There are 2 protein chains.
Amino acid sequence: MPASTDISTDLDDISFLGRLSEALSQRIEEQTRPLFDDAGITVPVRSCSLLTALSEAGEASAADLARALGQSHQLVVQKCPALLRLGLITQHADPADARRKIFRLTDAGRDQLARIDAYSARISEVYRALFAEVGDVHGTILKALNALDARPLSERIAGSRTD
Amino acid sequence: MPASTDISTDLDDISFLGRLSEALSQRIEEQTRPLFDDAGITVPVRSCSLLTALSEAGEASAADLARALGQSHQLVVQKCPALLRLGLITQHADPADARRKIFRLTDAGRDQLARIDAYSARISEVYRALFAEVGDVHGTILKALNALDARPLSERIAGSRTD
DNA sequence: ACTACAATATATTGCGCAATATATTGTATG
DNA sequence: CATACAATATATTGCGCAATATATTGTAGT
């Protein structure tokens, strides 16, 4: 549990939005973990998409997974040891390319994915209800991200100059 | 710069919302740092509020600051060494309570705060424009946070049971 | 074949944070 | 006074990620 219950929402605080969105990310992570525990899901919350991508690919190298997930290669590499330890994936040398190491799902990994799939419908439902309650968090954040990618703060600040 | 340009926005991905909000937090952090550099602000972006709180308090212990900021004591303690190294704050023993160490702003710290203040109005303006463009990110995230605090995912999942 | 370059993997370091444990000091109670 | 308890500070460890550097292997050009 995070120690901070009270988050500054002051608009004059320069990094208010960053901390707010980080806080949301943390709440979700914190609240999802016990759900996973109850459902017998041992997968790290942030590695679910890796398992899914591996399942879709059948087999894949770290670089393949990184591309599929839009994450960095290093990040994927750093996640894999935990999944190996949990016995959810296996690692194999690529006979055709000695640079690559190929990952595959184990039966345990497939079992985890099945559990995740069974859960994901209900979780999506919960999120849809949440969005109906508080507004389209998902869409709004997405729009903000795209806007910042298209035109970063530096340009926006420059454009707001009065001189 | 983060390696991931392409973030999964798939609603079926259980942790999509967590990653989205984290991505937003990162974009803001990344894009704010160079702005600070240009403005001669050396303060770590995430320590701005600490400096502000210290300025308002005049002098304060780590625990005082933690309470004022709604952050954990440990987090404050871990941020302070950097501010000490930068010469923005000083540390003093409390004559009245040997448990406490008192922090104070230095002149350099006050100078940094002045620069931050000068910037903050323009940054607020930029955010207001951004919100006008993409929707009220701030308010929506805040509502989501409050909703999750009031009723965590576990309850929401339980409530969505069909049996 | 040799060289240059691209892709992949690995290792190391650092940031920001949480969690935990321990030491120190103050306060209140018997 | 002694003991228990609360508050504060410090140290250590771990997580998740980025950044950087280096090694290895494949590929293309000469």
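About the thresholds
Residues numbered from 1 in each chain as written. Chains lettered and ligands numbered in written order. Predicted model: local features only at pLDDT ≥ 70, side-chain atom pairs only at ≥ 80, totals over all residues. Heavy atoms only, no water. Pairing = 2+ DSSP bridges. Helix = DSSP H or I, 4+ residues; strand = E, 2+ residues; numbered from the N terminus. Expected span 1.5 Å × (residues − 1). Bend = angle between axes of the 7 residues up to and from the residue. Contact = heavy atoms within 4.5 Å. Buried area = accessible area lost by both parts, 1.4 Å probe. Salt bridge = Lys/Arg side-chain N within 4 Å of Asp/Glu carboxyl O. Axes fitted to C-alpha atoms, helices over the stretch in contact; angles between N-to-C directions. Parallel < 35°, antiparallel > 145°, perpendicular 65-115°, else oblique. Nonpolar A, V, L, I, M, F, W, Y, C, P; charged D, E, K, R; others polar. 1 Å grid on protein atoms, 1.4 Å probe; cavity = no way out; pocket = protein on both sides within 12 Å on 5 of 7 lines; lining within 4 Å. Points joined across faces, edges and corners; volume = space filled by probe spheres on them. Buried < 20%, exposed > 50% of the residue type's maximum accessible area, 1.4 Å probe, protein only. Least-squares fit on C-alpha atoms with pLDDT ≥ 70 in both. pLDDT = per-residue confidence, 0-100. Phe/Tyr/Trp six-rings, centres within 6.5 Å; stacked < 30°, edge-to-face > 60°. Lys NZ or Arg CZ within 6 Å of the ring centre and 35° of its normal.

J.: Help me out: how do you make sense of the pairing of strand β3 (residues 101-105) of chain B in this one?
T.: Moving residue by residue along a regular strand, the side chains alternate between the two faces of the sheet. Residue and element names in this part refer to chain B. Where strand β1 (residues 59-60) lies against β3, two bridges are found, and the strand directions are antiparallel. The partner of Ala60 across the bridge, within β3, is Phe103. Where strand β2 (residues 89-93) lies against β3, five bridges are found, and the strand directions are antiparallel. Residue Thr90 lies in a different strand from β3, and its bridge partner there is Arg104.

J.: Whenever I open this one, helix α5 (residues 107-134) of chain A confuses me. Can you help?
T.: Working note: α-helix, 3.6 residues per turn, so residues spaced by three or four point in the same direction. Residue and element names in this part refer to chain A. For α5, which comprises 28 residues, the first-to-last C-alpha distance of 40 Å matches the rise-based estimate of 40 Å (1.5 Å per residue) to within 8%. Of all the bends in α5, the greatest measures close to 30° and is centred on Ser120. In the stretch just after α5, Gly135 is the one whose phi turns positive, near 110°.

J.: Sorry if this is basic, but what is going on with the interface of chain A and chain B here?
T.: Interface size is commonly expressed as the accessible area that is lost once the parts come together. Residue-level contacts link 67 residues of chain A with 67 residues of chain B. Together chain A and chain B conceal approximately 6,600 Å² of surface at their shared face, both sides included; 69% is due to carbon and sulfur atoms. It is A:Ile14, A:Leu17 and A:Leu153 that lose the most area in chain A upon contact with chain B, and together they represent 11% of the buried surface on that side. Note that A:Arg156 and B:Glu133 form a salt bridge whose closest N and O atoms lie 3.1 Å from each other.

J.: I'm lost on the packing of helix α2 (residues 48-57) of chain B against helix α3 (residues 62-69) of chain B in this one. Help?
T.: Two packed helices can be described by the angle between their axes and the distance between those axes. All names here are of chain B. Interaxial distance between α2 and α3 falls to 10 Å at its minimum, and their mutual angle equals 110°. Overall, the two elements α2 and α3 adopt an arrangement that is roughly perpendicular. Contact with α2, carried on its side by Ser49, Leu50, Ala53 and Leu54, involves Leu65, Ala68 and Leu69 of α3 and no other residues of that element. Looking at side-chain class alone, the contact of α2 with α3 contains six nonpolar, one polar and no charged residues.

J.: Explanation requested: the pairing of strand β3 (residues 101-105) of chain A in the structure shown.
T.: Here three bridges tie strand β1 (residues 59-61) of chain A to β3(A), and the two strands are oriented antiparallel to one another. When the bridges of β3(A) are listed, A:Glu59 appears paired with A:Arg104.

J.: What should I look at first to understand empty space enclosed by the protein in this one?
T.: To find leftover empty space, a probe the size of one water molecule is rolled over the atoms. Inspection of every chain in the model, using the stated rule, returns two cavities of 30 Å³ or more. Considering only enclosed or pocket space, the largest cavity measures out at about 50 Å³ in volume. Along the walls of the largest cavity sit A:Ser15, A:Gly18, A:Arg19, B:Ser25, B:Ile28, B:Glu29, B:Val45 and B:Arg46, which together make up its complete lining. Counting only elements with at least two residues in the lining of the largest cavity, the list comes to α1 (16-38) of chain A together with α1 (16-38) of chain B. Take the lining of the largest cavity: its biggest share by element is three residues, from α1(B).

J.: What is the right way to read the sheet that holds β1(B) from this model?
T.: What links the strands of a sheet is backbone hydrogen bonding, and the strands pair in either a parallel or an antiparallel sense. Spatial ordering of the open sheet is given by β1-β3-β2 (chain B), a layout of three strands whose pairing is antiparallel. Of all strands in the sheet, those bounded by a partner on one side alone are β1 and β2 of chain B.

J.: Hey, could you run me through the pattern of salt bridges in this one?
T.: Once their charged atoms are close, side chains differing in charge can pair, the charge on each being opposite to the other. Residue and element names in this part refer to chain A. Under the defined criterion, the tally for this structure stands at 26 salt bridges over all chains. For the salt bridge of Glu59 with Arg104, the shortest nitrogen-to-oxygen distance reads 2.7 Å. One end of the pair, Glu59, is in strand β1; the other, Arg104, is in strand β3, and 45 residues separate them in sequence. Its relative accessible area of 31% is what places Arg104 among the partly exposed residues. Sharing partners across several salt bridges, the network here consists of Asp64, Arg67, Asp94 and Arg100.

J.: Can you walk me through the relation of the copies chain A and chain B in this structure?
T.: Copy one and copy two of the chain differ by a rotation about an axis and a translation along that axis. Expressed as a screw operation, the relation of chain A to chain B combines 0.0 Å of axial shift with a rotation of 180°, fitting to an RMSD of 0.1 Å. Accordingly, the operation relating the two chain copies is best matched by a two-fold axis. The residues that chain A uses at the interface reappear at the interface of chain B in 100% of cases, marking a shared surface.

J.: Which parts of the structure should I look at to understand the confidence of the model for chain A?
T.: As a note on interpretation, predicted positions should not be read in detail where pLDDT is low. Residue and element names in this part refer to chain A. When pLDDT is averaged along chain A, the result is 88; 90% of the residues meet or exceed 70. Here helix α7 (residues 153-159) stands out as the element of chain A with the lowest mean pLDDT, 85, in contrast to β3, whose mean of 96 is the highest. Note that residues 1-5 has pLDDT below 50 and, in this model, nine contacts with residues that lie over four places away or in other chains.

J.: Any chance you could explain the sheet that holds β3(A) here in plain terms?
T.: Residue and element names in this part refer to chain A. Ordered in space as β1-β3-β2, the three strands form an open sheet in which the pairing is antiparallel. Looking at which strands have only one partner, the edges of the open sheet turn out to be β1 and β2 (89-93). Averaged over all adjacent pairs, the angle separating strand axes in this sheet is 35°, with direction ignored. Packed onto the sheet, helix α3 (residues 62-69) meets β1 and β3 and runs at close to 95° relative to β1.

J.: How should the packing of aromatic side chains be read in this particular structure?
T.: Centre-to-centre distance and the angle between the planes together describe a pair of aromatic rings. Within the structure shown, the criterion is met by four aromatic pairs over all chains. For A:Arg122, the ring lying beneath its charged end belongs to A:Tyr119, and the centroid distance is 5.6 Å.

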